[in-house]
Amino acid sequence: MKVERRVISVIVQNEHSVLARITSLFAARGYNIETLTVAPIPESDMSRLTIETKGNVRVIEQIIKQLHKLIPTYKVIEHEEMVEKEMVMMKFPINESLANIQALCEAYNGGIANVSSQHIITMVADEPKRVKHFIEAAQRFHPVEIVRGGVVAMERE
Amino acid sequence: MEMTGAQMVIEAMKLEGVDTVFGYPGGAIMNVYDEIYKQNDFRHILTRHEQAAVHAADGYARATGKVGVAFVTSGPGFTNAVTGLATAYMDSVPMVVISGQVPITMIGTDAFQEIDATGISRSCTKHNYLVRSAKELPHILKEAFYIAASGRPGPVHVDIPKDVTAELAKFEYPTHIDLPTYRPTTKGNVRQIKKAAEAICNAKRPVFYLGGGVISSGSADLVREFVQATQIPAVETLMARGSLRHDDPLLLGMVGMHGSYQANMAMSEADLMIALGPRFDDRVTGKLSEFAKHAKVIHVDIDPSSIGKLVDVDYPIVGDLKEVLEVMLPKVKECVDPDRYQAWRNILKRYNEIHPMRFEDSDEVIKPQWVIKRVGEILGDKAIISTDVGQHQMWTAQFYPFSHPRQLVTSGGLGTMGFGFPAAMGVKRGVPDKVSVNFTGDGSILMNIQELVTAVEARLPVVNIILNNHYLGMVRQWQTFFYDKRYAETDLSFQPDFVRLAEACGGVGYRVETKEEFDEALEDAVNKGVVAMIDVIVDREENVLPMVPSGGTLYNMMLEYKD
């Protein structure tokens, strides 16, 4: 069976060790986590997790069912028609071209976040595939550090 | 009303109607035990090992259908309980296990008898809690019982730090629980049920595949009616034994690795499988790609994640089996013609004539299967049967004449040696008017042998019948078949004198080497109502047959073993 990439959002009760329940479920059943982001949902007692995972159809179906089976899980959204974004921060040496770096970041929906005496820090938020392209393109400026934020997603409708 | 956390635990037991707690005290749970001392609402049974406490609660739950309860202390008390939790989890047994924990102020400091208990139990419980304050305790306890017994049942673990059991708070026990994040689907999809009913009426070679869900949902009566009305033959998994009466002509026997030939052939040749509450365990299916490959599949299960997990399902129905059958049965009755399956029944009957479930009896040595059959003849449905794990377990499943649900208490999923004796104590406590028999092996019995003391002290007369072949029999069998008889660490010729061992603990021991001696021993043990250890010396080399080798196909069984 073909292995495919999926993005799943999980809405959970915001309680003690709920993240551990989710991650140990993935570990125990041998599922993959490519990226994972978590944050509380404003004005509620719930949190939202966005999990980027890989597996064949049967595995993905099991992941969704098993996530749903956890007692604190309120909702599992298997994204079909989604807008997804990932943030990445990159640090470059100060002797690289600030103007060129800025132009590249702007092409990928970002910009310069900070400049210190030693480093330039940039920030880009775009589709995961484009973030990957950005990171490739930015190699010529000799980045010293890359921090990816993981995928967040929202259904289009 | 204000009370301490420890008092809340006792109060909750009372409100949940708990009549028995199995357990073992220790430092972190002493406040709770102090309250146990002061009360008369339930009986506490002191086992001699925490694992046995949880197995006893498990046996109690399986035999009665009620939630089993066990108390243990922190650290080693809890880790000893883990095998019990995992056993109950694999077989979906409703249970609440409460453990003590070091005080909240000391959690994370590697305190004496501290262990991350909820971290450990997370993967072997349906749900667990670390209680943070006495004020949340009433709600958590109510939730624990609710979650354990509802949906797909399972064990729930509540870890209570010592300072929480001393803390005062208001006690308001919720009358009902509504969890927005936990709402098991109990009503099946009516359209799907209708389609399934039509598929049944249109099938030529249908077979019922009955699983543990038939027992746990209390659907055995409906299933019997279903089978009767349709005249469709049925196979049972180990966990479903007793769903149908052993003498029902439509019962093909147990399915799977040590199932009957006709049951496995029925699965292999069926054009429709009506799966009611099974989970397609590898010990049932054998090689998945060859499993029931001609059959369309109807699968009814309370747990959506069981459906389609291993086998593609044509008619998935998520719901409580009882509620689903109440809708499905009338619809099937409208369209079914039992004569339609006559040819199919004849084929299966023929299979059974060719290879019936049998064993070669002997006059020289006692055959283990004979012992089980004999107990069946003498006690029949007057007994509830527990087992340990191994050859004796399979022979029990094959040869005991079960006639009602909850008559077999056995660790199916986890396969826990040492389960049988403590579970049989729980059975006796839950169903005192039946004879509690534990079929065990000379390997398994030693894994919780300390419970002889508990059973004698607590007056829980369990009749342990050791099918003693001086081997770790099932492993020895695999070594015979698949490892050229290299019997690595399976020869148990050195063993205790089980008769004197029983006597040392206040029980009664019998050593049996002939059939006559066995009859006398059993009669004596049952009549006297004592904790008994009947050590039956059986044929050393007997194998469990037929057999589907691991990963093999159901239609290609090993029917006999020739040296």
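Here the structure is a predicted model, which means the values were calculated and not measured.

J.: Could you give an account of the overall build of chain B, with specific residues and numbers?
T.: A count of helices and strands for chain B gives 21 helices and 20 strands. Over its C-alpha trace chain B gives a radius of gyration of 24 Å, about what one expects of a compact globule, namely 24 Å for 563 residues. The principal-axis extents of the C-alpha atoms in chain B amount to approximately 70 × 60 × 40 Å. Taken across its 563 residues, chain B has 60% of its residues classed as buried. Taking the contacts inside chain B whose residues are at least 6 apart along the sequence as the reference set, 76% of them involve residues at least 24 apart. Here chain B has roughly 21700 Å² of accessible surface; of this, 50% comes from carbon and sulfur atoms.

J.: Before we move on, can you summarise the overall build of chain A with the specific residues and values?
T.: Along its length, chain A carries 4 helices and 8 strands. Its helices and strands in sequence order give chain A the pattern β-α-β-β-α-β-β-α-β-β-α-β, from N to C terminus. Along the longest, intermediate and shortest principal axes, the C-alpha atoms of chain A span 55 × 40 × 35 Å. By the burial criterion, 43% of the 157 residues in chain A qualify as buried. Sequence-distant contacts in chain A: of pairs separated by 6 or more residues, those separated by 24 or more amount to 72%. Accessible surface computed for chain A: about 8500 Å², of which carbon and sulfur atoms make up 53%. Taking the 19 positively charged and 20 negatively charged side chains of chain A as two groups, their mean positions are separated by 6 Å.

J.: I'd love a proper account of a nonpolar patch on the surface, names of residues and values included.
T.: Side chains of Met87, Met89, Met123 and Val147 of chain A sit close together on the surface and give an oily, nonpolar patch of about 300 Å² of accessible area. A relative accessible area of 42% means that Val147 of chain A is categorised as partly exposed.

J.: Talk me through the nonpolar core; I want residue IDs and the actual numbers.
T.: All names here are of chain B. In this structure, Ile200, Tyr209, Met273, Leu276 and Met328 are the most contacted members of the largest nonpolar core, which totals 62 residues. Sequence-distant contacts of Leu276, that is, excluding residues within four places in its chain, are made with Phe208, Tyr209, Leu210, Gly211, Val214, Val223, Val300, Leu321 and Leu325. Among the nonpolar cores identified, the runner-up in size contains 40 residues, and Ala6, Val18, Ile29 and Tyr33 belong to it.

J.: Lay out the domain arrangement of chain A in plain terms, naming residues and giving numbers.
T.: Residues and elements named next belong to chain A. According to the domain assignment, chain A consists of domain 1 (4–79) and domain 2 (83–155). If you look at the interface, domain 1 gives 10 residues, while domain 2 gives 9 residues. Where domain 1 abuts domain 2, roughly 670 Å² becomes buried across the two surfaces, and 53% of that area is made up of carbon and sulfur atoms. For the pair domain 1 and domain 2, the interface holds 1 salt bridge. With its nearest N and O atoms 2.9 Å apart, the salt bridge here joins Arg5 to Glu84. At the surface where domain 1 touches domain 2, the tally comes to 5 residue pairs in polar contact (both at pLDDT 80 or more). Those elements that provide at least two residues to the side of domain 1 that touches domain 2 are strand E1 (4–13), strand E2 (35–40) and strand E3 (46–55).

J.: Go over the sheet that holds strand E6 (residues 110–115) of chain A, please, and point to the residues and values.
T.: Residues and elements named next belong to chain A. Across the sheet, which stays open at both edges, the 4 strands sit in the order E6-E7-E5-E8 with antiparallel pairing between neighbours. Whereas interior strands pair on both sides, the edge strands pair on one side only; in this sheet they are E6 and strand E8 (145–155). Across this sheet, the average inter-strand angle for adjacent strands is 15°, counted without regard to direction. Bridging between strand E5 (residues 82–93) and strand E7 (residues 119–126) involves 8 bridges; their strand directions are antiparallel. Considered in E7, the bridge of Pro93 is made with His119. Relative to the sheet, helix H3 (residues 98–107) contacts E5, E6 and E7, its axis offset from that of E6 by approximately 140°. The strands touched by helix H4 (residues 128–137) are E5, E7 and E8; relative to E5, the strand with the most contacts, the crossing angle is about 15°.

J.: Hey, could you go over the sheet that holds strand E13 (residues 296–301) of chain B for me, with residue numbers and the actual values?
T.: All names here are of chain B. A sheet is described by the order of its strands in space; here 6 strands give the open sequence E11-E10-E9-E12-E13-E14, paired in parallel fashion. Each edge of the sheet is formed by a strand with only one pairing partner; in this case those strands are strand E11 (251–254) and strand E14 (315–318). Sheet twist, expressed as the average angle between the axes of neighbouring strands with direction ignored, equals 15°. The sheet contact formed by strand E9 (residues 206–210) and strand E12 (residues 272–276) spans 5 bridges and is parallel. Across the sheet, residue Leu210 finds its bridge partner in E12, namely Leu276. Against the sheet, helix H8 (residues 190–202) touches E12, E13 and E14, its axis set at about 135° to E14. Of the strands in this sheet, E12, E13 and E14 are in contact with helix H13 (residues 321–335), which crosses E13 at around 125°.

J.: Lay out the domain arrangement of chain B with the relevant residues and their values.
T.: Residues and elements named next belong to chain B. We note that the domain assignment places domain 1 (2–170), domain 2 (190–354) and domain 3 (368–537) within chain B. Between the C-alpha centres of domain 1 and domain 3 there is a distance of 29 Å. Opposite the 26 residues of domain 1 that make contact, domain 3 presents 27 residues. Both faces considered, domain 1 and domain 3 share a buried interface measuring about 2000 Å² in area, 62% of it formed by carbon and sulfur atoms. Taken as a group, Arg48, Arg62 and Ala63 account for 27% of the area that domain 1 buries against domain 3, more than any other trio of residues on that side. Counting every contact that joins domain 1 to domain 3 gives 1 salt bridge. Residue Glu457 is joined to Arg48 by a salt bridge in which the shortest nitrogen-to-oxygen separation is 3.3 Å.

J.: Go over the interface of chain A and chain B with me, naming the residues and quoting the values.
T.: Quite often, the size of an interface is put as the accessible area lost when its parts meet. In this complex, chain A contributes 19 residues to the contact, which on the side of chain B involves 21 residues. Looking at the side of chain A facing chain B, the largest losses of area belong to Arg21, Arg58 and Ile71 of chain A, adding up to 41% of the total buried there. For the interface between chain A and chain B, the tally reads 2 salt bridges. In this assembly, chain A and chain B are joined by 12 residue pairs in polar contact (both at pLDDT 80 or more). Taken together, the elements giving at least two residues each to the side of chain A that touches chain B come down to helix H1 (18–28), helix H2 (57–69) and strand E4 (73–78) of chain A. Ranked by residue count, the leading element in the side of chain A that touches chain B is H2 of chain A, at 6 residues. Split by residue class, the side of chain A that touches chain B holds 6 nonpolar, 7 polar and 6 charged.

J.: Can you break down helix H10 (residues 220–230) of chain B residue by residue, with the values?
T.: Residues and elements named next belong to chain B. Among the residues of H10, those classed as buried are Ala220, Leu222, Val223, Phe226, Val227 and Thr230. Summarising the axial view, the buried residues of H10 lie within an arc of 160°, below the 170-degree limit, and thus occupy one face. Just downstream of H10 lies Gln231, where phi reads positive at about 60°.

J.: A description of the environment of Ile41 of chain A should follow, citing residues and the corresponding values.
T.: All names here are of chain A. Structurally, Ile41 is set in the loop between E2 and E3. Each C-alpha atom, one on Ile41 and one on Asn14, is 9.1 Å from the other, the two residues being 27 residues apart in sequence. Excluding residues that lie within four positions of it along the chain, Ile41 makes contacts with Ile11, Met46, Ser47 and Arg48.

J.: Now, about a negative patch on the surface: what can you tell me, with residues and values included?
T.: All names here are of chain B. On the surface, a cluster of negative charge is made up of Glu516, Glu517, Glu520 and Glu523. Counting through the fold element by element, Glu517 comes out in helix H21 (residues 515–528). A residue is classified by how much of its surface remains accessible, and Glu517, at 33% relative accessible area, is partly exposed.

About the criteria used
- Residues numbered from 1 in each chain as written.
- Chains lettered and ligands numbered in written order.
- Predicted model: local features only at pLDDT ≥ 70, side-chain atom pairs only at ≥ 80, totals over all residues.
- Heavy atoms only, no water.
- Helix = DSSP H or I, 4+ residues; strand = E, 2+ residues; numbered from the N terminus.
- Rg over C-alpha atoms; globule rule 2.2 N^0.38 Å.
- Buried < 20%, exposed > 50% of the residue type's maximum accessible area, 1.4 Å probe, protein only.
- Contact = heavy atoms within 4.5 Å.
- Areas by Shrake-Rupley, 256 points an atom, 1.4 Å probe, with all protein chains shown as cover.
- Lys, Arg positive; Asp, Glu negative; His and termini not counted.
- Charge placed at Lys NZ, Arg CZ, Asp CG, Glu CD.
- Patch = residues over 30% accessible without salt bridge, like charges linked within 9 Å, V, L, I, M, F, W, Y side chains within 5 Å.
- Salt bridge = Lys/Arg side-chain N within 4 Å of Asp/Glu carboxyl O.
- Core = buried A, V, L, I, M, F, W, Y, C linked by side-chain atoms within 4.5 Å.
- Domains from an automatic or database assignment.
- Buried area = accessible area lost by both parts, 1.4 Å probe.
- Polar contact = N/O pair within 3.5 Å; in protein donor to acceptor, adjacent residues only side chain to side chain.
- Pairing = 2+ DSSP bridges.
- Axes fitted to C-alpha atoms, helices over the stretch in contact; angles between N-to-C directions.
- Nonpolar A, V, L, I, M, F, W, Y, C, P; charged D, E, K, R; others polar.
- Arc of directions from axis to C-beta.

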